[in-house]
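Now for the letters of each chain:
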Amino acid sequence: MPLKCEEPGPVQLPLGKVIGKRWKIIQKLGQGGCGAVFMVEDVRTQSKAALKAESNFVAGGSVLKLEAQVLQRMKGKKFVAQLLHAGRKERYCYMVMTLLGLSVEKLFHRCHKEFTVSTQVRIGIHVLFGIKQLHEVGYVHRDVKPANLALGLKGRETKIVHMLDFGLAREYITRTNGRVEMRREREKTLFRGTTRYCSLNTHARNEQGRPDDLWSLLYVLAEMRGRLPWSHLREKKDIGKSKAATSDIRLLAKCPVQMLDLPKHLRQLGYYTRPDYLLIYRCLSGILTTYGFKFMDPYDWETRMESPKSKKSKITTVFSKIRSIEDTSGEKTLEVGTSGCKGTVETEPTAEDNNGEEEPLYKEEDFAKNEIGF
């Protein structure tokens, strides 16, 4: 939801300007409403970071202040952008955070708007972990979508999808005199989120809780294998009707059949119910195991294009291993396909190739432990 601003345009910071005696403006990365994002360089270490600046005249309160609060709460968590600095000037406030790479939205377009199951499922596990970490510090995101997911820039982080943009997040707990409690569910709320990916609960203007972030994740994952049934619609009302009328089998028609367990679980949850993150993780990681996918395999955007003849041979070989799967009703086929960015997969040597086992990024306990107690 765009910000309303009492002053025209976003914050303008000239290239070369040093903010807070430390952060030199190198490049403008984007803007919207009253805010802008810049690449900056630490004048002490020459390392790069991202600086978000927001006008102090934002109607309705500071989004940047909320983002800084969320990042501060997430400090020290693995695979999370870290808050490096925050400050306030006369006309704008700013925060500096870890610089991330390309968004999943841009990578998806590079792959002609379709990912393979291997890429889809691994992204799903990364985002599930990010969502759980956010929930464990007491916030719901309320705007999970491809544009708010991005790769890291260095080393192993380039294989990991990070969550970002917490401007619509809401704290679902309260802390009073050392006591932590869940906030009461409001009967009616303003719409917050992105219509294409939000839950039916959000369409109804009900309070968003932890399950709503996971519904958004489900829709994001479904879209990675094909167009969402409501992608051609524009009005919130029409999109909501389409979501309500779409069966799980149709929504997940090109996804592994195991994923049908996810919407079944989400429908059992209410605002006060803790999602079973471990159940969802086991579902997604089980797909990787079933089809022999490895966490550090190249993603679709990392594959090297090859000639049509050899490409056809590769696809035939993969389909001989992964056949289409019929659901229990026998009325619909859920395919595990190989479309998306097609090409030769040039795999890098892994620990497993050296008679060892690939070191897992996540463990079951990461998804089982309940740090917040709700």
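Everything that follows concerns the structure shown earlier in this document.
Residues numbered from 1 in each chain as written. Predicted model: local features only at pLDDT ≥ 70, side-chain atom pairs only at ≥ 80, totals over all residues. Heavy atoms only, no water.

A. Main features of the overall build of the protein. A count of helices and strands for the protein gives 11 helices and 16 strands. Burial analysis of the protein (374 residues in total) assigns 50% to the buried set. Counted over contacts in the protein with a minimum sequence separation of 6, partners at least 24 positions apart contribute 66%. (Helix = DSSP H or I, 4+ residues; strand = E, 2+ residues; numbered from the N terminus. Buried < 20%, exposed > 50% of the residue type's maximum accessible area, 1.4 Å probe, protein only. Contact = heavy atoms within 4.5 Å.)

B. Seen up close, the pattern of salt bridges. Overall, the coordinates contain 19 salt bridges when judged by the stated rule. For Glu171, the salt bridge is made with Arg73, and the minimal N-O distance between the two is 3.0 Å. In this pair, Glu171 sits in strand β12 (residues 170-171) while Arg73 sits in helix α1 (residues 63-73), placing the two residues 98 residues apart along the sequence. Here Glu364 ties to Arg282 by a salt bridge, and the two come within 2.9 Å at their closest N and O atoms. On the criterion of sequence distance, the pair formed by Glu364 in helix α11 (residues 364-368) and Arg282 in helix α9 (residues 277-291) is long-range, its members being 82 residues apart. On the basis of relative accessible area, Glu364 is assigned to the partly exposed category, the value being 38%. Judged by relative accessible area, Arg282 falls into the partly exposed class, the value being 46%. (Salt bridge = Lys/Arg side-chain N within 4 Å of Asp/Glu carboxyl O.)

C. Molecular detail of the pairing of strand β5 (residues 48-55). Of all eight residues in β5, seven are buried, a share of seventy percent or more. For β5 and strand β8 (residues 92-97), the ladder comprises six bridges, and the chain directions are antiparallel. Considered in β8, the bridge of Leu51 is made with Val96. (Pairing = 2+ DSSP bridges.)

D. Region of interest: the packing of helix α3 (residues 117-136) against α9. It is at 9 Å that the axes of α3 and α9 come closest, and there the two elements cross at 160°. As judged from the angle between their axes, α3 and α9 are roughly antiparallel. When you trace α3 past α9, the crossing you get is left-handed. Residues Val117, Ser118, Val121, Arg122, Gly124, Ile125, Leu128, Lys132 and His135 of α3 lie in contact with α9, whose contacting residues are Tyr277, Ile280, Tyr281, Leu284, Ser285, Ile287 and Leu288. Residue composition of the contact of α3 with α9, by class: 10 nonpolar, four polar and two charged. (Axes fitted to C-alpha atoms, helices over the stretch in contact; angles between N-to-C directions. Parallel < 35°, antiparallel > 145°, perpendicular 65-115°, else oblique. Left-handed = near helix turned anticlockwise from the far one by under 90°. Nonpolar A, V, L, I, M, F, W, Y, C, P; charged D, E, K, R; others polar.)

E. Geometry of the packing of α3 against helix α5 (residues 210-223). Where α3 contacts α5, the axes come no closer than 11 Å and their chain directions differ by 165°. By the angle between their directions, the pair α3 and α5 is classed as roughly antiparallel. Judged by the twist between their axes, the crossing of α3 over α5 is right-handed. In this structure, α3 uses Gln120, Gly124, Val127, Leu128, Ile131 and His135 to contact α5, whose residues at the interface are Arg210, Asp213, Leu214, Leu217 and Leu221. Considering only residue class, the contact of α3 with α5 consists of six nonpolar, three polar and two charged.

F. Summary view of unusual backbone geometry. Positioned with a positive phi, His112 is a non-glycine residue whose angle comes to about 60°. Here His112 shows up in the loop between α2 (104-110) and α3. Positive phi values are uncommon outside glycine, yet Arg142 reaches one of about 70°. Within the element layout of this structure, Arg142 appears in the loop between β9 (139-140) and β10 (149-151). Given the relative accessible area of 13%, Arg142 is considered buried.

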